Every structure is written in C-alpha cells, then in structure tokens.
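Structural description and commentary
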Amino acid sequence: MQPDPVEGKPLVDIRGLHKSFGDLEVLKGIDLQVHPGEVVCVIGPSGSGKSTLLRCVNLLETPTAGTVRIGELEVTDPDVDIDKVRRHVGMVFQQFNLFPHLSVLRNCTIAQDKVLGRRGEEADRVARANLARVNLDDKMDEFPAKLSGGQQQRVAIARALSMDPELMLFDEPTSALDPELVGDVLTVMRRLAEEGMTMLVVTHEMAFAREVASRVVFMDDGTIVEQGTPDQVIGAPQEERTREFLRRVL
Ligand code: ADP
Ligand code: MG
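For every chain, the first residue of the written sequence is number 1, and numbering continues from 1 onward in sequence order. Each chain is given a letter, starting from A, and each ligand a number, starting from 1, according to the order in which they appear as written. Reporting in this predicted model follows two pLDDT cut-offs: at least 70 for local features of residues, and 80 or more for side-chain atom pairs to be given and counted; totals over whole chains, interfaces and linings ignore these cut-offs and use all residues. Note that water and hydrogens are dropped before the side-chain values are worked out from all heavy atoms of the structure.

All right, on to the packing of helix α6 (residues 149–161) against helix α7 (residues 179–194) then. Angles shown run from 0 to 180 degrees and are taken between the N-to-C directions of axes, each axis being a line fitted to C-alpha atoms and, for helices, limited to the stretch in contact. In this text, helices come from DSSP runs of H or I with a minimum length of four residues, and strands from runs of E with a minimum of two, each type numbered from the N-terminal end. For the pair α6 and α7, the least separation of the axes is 8 Å and the interaxial angle reads 20°. It follows from the interaxial angle that α6 and α7 lie roughly parallel. You can see that α6 and α7 cross each other, and the crossing is right-handed. In this structure, α6 contributes G149, G150, Q153, R154, I157 and L161 to the contact, and α7 contributes L181, D184, V185, V188, M189 and L192. Classification convention: Asp, Glu, Lys, Arg as charged; Ala, Val, Leu, Ile, Met, Phe, Trp, Tyr, Cys, Pro as nonpolar; all other residues, Gly among them, as polar. Looking at the contact of α6 with α7 residue by residue, the classes come out as seven nonpolar, three polar and two charged. Our angle categories are set so that under 35 degrees counts as roughly parallel, over 145 as roughly antiparallel, 65 to 115 as roughly perpendicular, and the remainder as oblique. Working rule for handedness: look at the near helix, and if it is turned counterclockwise from the far one by less than a right angle, call the crossing left-handed; if clockwise, right-handed. Residue contacts are defined here by distance: any two heavy atoms, one from each residue, within 4.5 Å place the two residues in contact.

Put into structure tokens, the structure is as follows:
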C-alpha cells in the first residue's frame, strides 16, 4: 500500500539503497522520499536495518549501492563534501554523546565554530535560542553530568538545531531514558514537528508515531514492508509481518 503521492520535490530522496557489512546484507533496496515538513517515523524489529538507514543518510555509513539526495546535494557522490552533508542534517542518537568536559552552552557552540565558522557572541546567541526551544535556557552553564538523561537528550537536540539543519534524524531518542523522562523529549520533538521541521524518526513510541507522524514506514529484514499514514500502518496494517510486530509492541 502506497500513501497518496505528495506534491513537489522531496527534501530526502533515497533510491535503491543497499548496505552490506561483509557478507551480511543489511539494507536490501530501500526507496524512500521525505518531503519538506514531513515527519516520517520508521518502525520495525531490532536488527531490521533502521539505524543503518539513518546512518547512510548522513554518511556515518557508506552505502554499498543506490543514491541518497538531500535537496540539491548528492550525498552518495564519492566526491561529496561530508561537512556540507553534516551542515544540512542534524542527528540525535539514543546515547546523547555530549562532551562531558564542556558546559551545556559550549556543547551547543563547538560544532558551530568548527563546521560553520560561527563563534563568539553570535554562536552563543544561536545556542541560547535553541536551548530555550528545548526549555533548558536555565541550564546553559551546567555540565552534562549534572543533568537528567531527558535534559541531556534535549541538549543534544539543541546542539543539532544550532547548526540550522534542513533535516533532523532521530534514532530512538527516548530508548535510553527512564520512563518518566520520555515525555519531555517527545514534547520537544512534537513542537519541532509543529514548527515544520522535516524529520526522519526511528522510534518505538507508537503513541508518538500515531499522533505526530505524517507517514509511518514499517521495516523488516532490510526492506520497507509497508508504509502509509499512521492510521493505515498502525491502525489497519495490511501485511502479516506488520501485524505481528504491532502485536508485540502495542
Ligand atoms: P536496527 O536499528 O533496526 O536495530 P541496525 O541497522 O542497527 O538495525 O542493524 C541491522 C543489522 O546490521 C544487524 O544485524 C546488525 O548487527 C548489523 N550491523 C549494524 N552495524 C554494523 C556494523 N558496523 N558492522 C557489522 N554489522 C553491523
Ligand atoms: Mg537501531
């Protein structure tokens, strides 16, 4: 089942994407488009290739075959400028990976300095504005170890936003959090979605996917088995593999 075609040019255009690690074929031909302002949630069992898919979009992994485009940028061109890719794409991981020896504010300015050449007052201003967006402007002088996991993850989101990305990738951003801290992170992500950020989100939070996603993609064993609106894929799945997965997680 295919969703209604969305008008206009996709921001992310993935075609025939394959990725192998040695003999293990992890992505077996993925075709996926994400249009500006869309929130696409990727669901599926552990080991189905969801993280590898995201990592191929920002070149943390090199695809074995196929093409990935982000706007005008051909990510899979062997001569692509990786810094340029990273400037366009923000990524938030399950593990927050903050620099422990840097304050919250510095965590949000260091990449601006190194990648964009934006420093001093201007970088601070951007960082503060994004920390306010994740409700942490009162924590900018703290060090990460003083913050809860949920607060650290929100700093990681502010850090990514401080690069002015066109696209945000989230790989199970709430999976490492204590249950009572998940809500604050999802609230921030929901707000980003409402502001029109284009987002590709791997998540096990079915309620979030159901409410926020413009489209849900179900992956299994390196392929997209089914995609559509949340009501279609989560509410009325057509494929047995999707039904079986949802029975286990819902
Ligand atoms: P998911 O995020 O859906 O759980 P992953 O993309 O992390 O799945 O992994 C898919 C498969 O690829 C798994 O079998 C995993 O062990 C394998 N894999 C992922 N990264 C590597 C790697 N760097 N080297 C070898 N195998 C990998
Ligand atoms: Mg994963």
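UniProt positions are given in the numbering used here, feature names are shortened, and annotations may be inferred rather than shown by experiment. This chain's UniProt record puts "domain: ABC transporter" (unreviewed entry) on residues 12–246. Summarising residues 12–246: 38% helix, 26% strand, and an end-to-end C-alpha distance of 27 Å.

Aromatic contacts are taken between Phe, Tyr and Trp rings whose centres are within 6.5 Å, Trp giving its six-membered ring; a plane angle under 30 degrees counts as stacked, one over 60 as edge-to-face, and the others as tilted. Going through the model one piece at a time under the given rule, you end up with one aromatic pair. Note on F218 and F245: the rings are 5.4 Å apart at their centroids and 40° apart in plane angle, and the pair reads as tilted. Placement of the pair is F218 in strand β9 (residues 215–220) and F245 in helix α10 (residues 240–249), with a sequence separation of 27 residues. With relative accessibility at 1%, the residue F218 sits in the buried group. Here's how the labels work: a residue is buried when its accessible area is under 20% of the maximum for its type, exposed when over 50%, partly exposed in between, all with a 1.4 Å probe on protein chains only.

Before going further, it helps to spend a moment on the environment of G49. Along the chain, G49 turns up in the loop between β3 (39–43) and α1 (50–57). Once residues within four sequence positions are removed from consideration, G49 is found in contact with V26, L27 and M219.

In this text, buried Ala, Val, Leu, Ile, Met, Phe, Trp, Tyr and Cys residues form a nonpolar core when linked through side-chain atoms within 4.5 Å. Formed by 47 residues in total, the largest nonpolar core has its most connected members in L131, I157, M168, F170, M189, M199 and V201. Ranked by residue count, the leading element in this core is α7, at eight residues. The contacts of F170, once residues within four sequence positions are left out, are L54, V92, I157, M189, L192, M199, L200, V201 and V202. Grouped together as the second largest cluster of nonpolar side chains are 30 residues, V12, L53, C56 and L200 included.

Attention now moves to unusual backbone geometry. Non-glycine residue E172 carries a positive phi angle of around 45°. Positioned with a positive phi, D221 is a non-glycine residue whose angle comes to about 50°. Inspection of the secondary structure puts D221 in the loop between β9 and β10 (223–228).

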